[in-house]
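Below are the chains, spelled out letter by letter.
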Amino acid sequence: PYLPLAILKSFNWSIKYGVSEYSPSAFALVALVLMAQLKDFELSRTWANYALNLIRTRKEYEVARSRTLFVTHGFVLHASLPYQKCAQRLLEGYRSGMSTGDTENACWNAYVYCDISFYTGKNLRRLSADW
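Residues numbered from 1 in each chain as written. Predicted model: local features only at pLDDT ≥ 70, side-chain atom pairs only at ≥ 80, totals over all residues. Heavy atoms only, no water.

> Would you explain helix α3 (residues 41–57) in this entry?
Given 3.6 residues per helical turn, the α-helix brings residues three or four places apart onto the same face. Taking 1.5 Å of rise per residue, 17 residues should cover 24 Å, and α3 covers 24 Å from first to last C-alpha, within 8% of that figure. Among the residues of α3, Ser44, Trp47, Ala48, Ala51, Leu52, Leu54 and Ile55 are the ones counted as buried. What you see down the axis of α3 is that its buried residues fit within an arc of 155°, all on one side. Seen from the buried face of α3, the exposed residues on the opposite side, beyond 90 degrees, are Glu42 and Thr57. (Helix = DSSP H or I, 4+ residues; strand = E, 2+ residues; numbered from the N terminus. Expected span 1.5 Å × (residues − 1). Buried < 20%, exposed > 50% of the residue type's maximum accessible area, 1.4 Å probe, protein only. Arc of directions from axis to C-beta.)

> Help me out: how do you make sense of the nonpolar core in this one?
The tendency in soluble globular proteins is for nonpolar side chains to be buried as a group. Phe27, Val30, Trp47, Tyr113 and Ile116 are the most contacted members of the largest nonpolar core, which totals 29 residues. For this core, the elements supplying multiple residues, two or more each, are α1 (3–17), α2 (23–36), α3, α4 (65–76), α5 (83–100) and α6 (103–119). The biggest single contributor to this core is α2, with seven residues. Once residues within four sequence positions are removed from consideration, valine 30 is found in contact with Ile7, Leu8, Phe11 and Trp47. (Core = buried A, V, L, I, M, F, W, Y, C linked by side-chain atoms within 4.5 Å. Contact = heavy atoms within 4.5 Å.)

> Explain the environment of phenylalanine 118 here, please?
Assignment of secondary structure puts phenylalanine 118 in helix α6. Owing to a relative accessible area of 61%, phenylalanine 118 belongs among the exposed residues under this scheme. The spacing of phenylalanine 118 and lysine 39 is 79 residues in sequence and 27 Å in space, taken between C-alpha atoms.

> Whenever I open this one, the packing of α1 against α2 confuses me. Can you help?
Packed helices, taken two at a time, are described by the angle between their axes plus the distance between the axes. At a minimum axis separation of 9 Å, α1 and α2 run at an interaxial angle of 135°. Classified by the angle between their axes, α1 and α2 sit oblique to one another. Crossing geometry of α1 relative to α2 is assigned as left-handed. Contacts from Pro4, Ile7, Leu8, Ser10, Phe11 and Ser14 in α1 reach Ser23, Ala26, Phe27, Leu29, Val30 and Val33 in α2. Residues of the contact of α1 with α2, tallied by class, amount to nine nonpolar, three polar and no charged. (Axes fitted to C-alpha atoms, helices over the stretch in contact; angles between N-to-C directions. Parallel < 35°, antiparallel > 145°, perpendicular 65-115°, else oblique. Left-handed = near helix turned anticlockwise from the far one by under 90°. Nonpolar A, V, L, I, M, F, W, Y, C, P; charged D, E, K, R; others polar.)

This is the structure:
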């Protein structure tokens with residue numbers, strides 16, 4: 001019950017003190033709460049896109065890329081984008097996490113990537129070539 005409160009607190013800090021390298025992840029998690037708890041798909045997609053725009057336009061936010069891609073494409077945007085597009089972005093999140101040392105989120109990206117690949121019938125030989 002406390003996770004949504006922690007997410008909203010980090011979101012409020014971004015609003016109050018300005019955007020930082022933690023903001024993309026906070027915005028992505030707000031999108032997750034909007035999707036999972038409030039079932040507001042349009043607003044959740046909007047906040048997910050805000051998070052993605054931050055990591056796309058600000059190189060200093062590279063440390064948040066892996067987590068942001070994991071949350072946005074693993075939990076929010078899969079409802080509105082083709083699974084293959086989400087899988088590509090999750091693979092990008094894996095590579096980003098491994099290059100920045102964020103191995104936890106890199107592994108979560110890899111897990112959801114493999115999960116999507118399995119359910120969409122991707123050939124295992126092609127799957128192994130992605131790594």
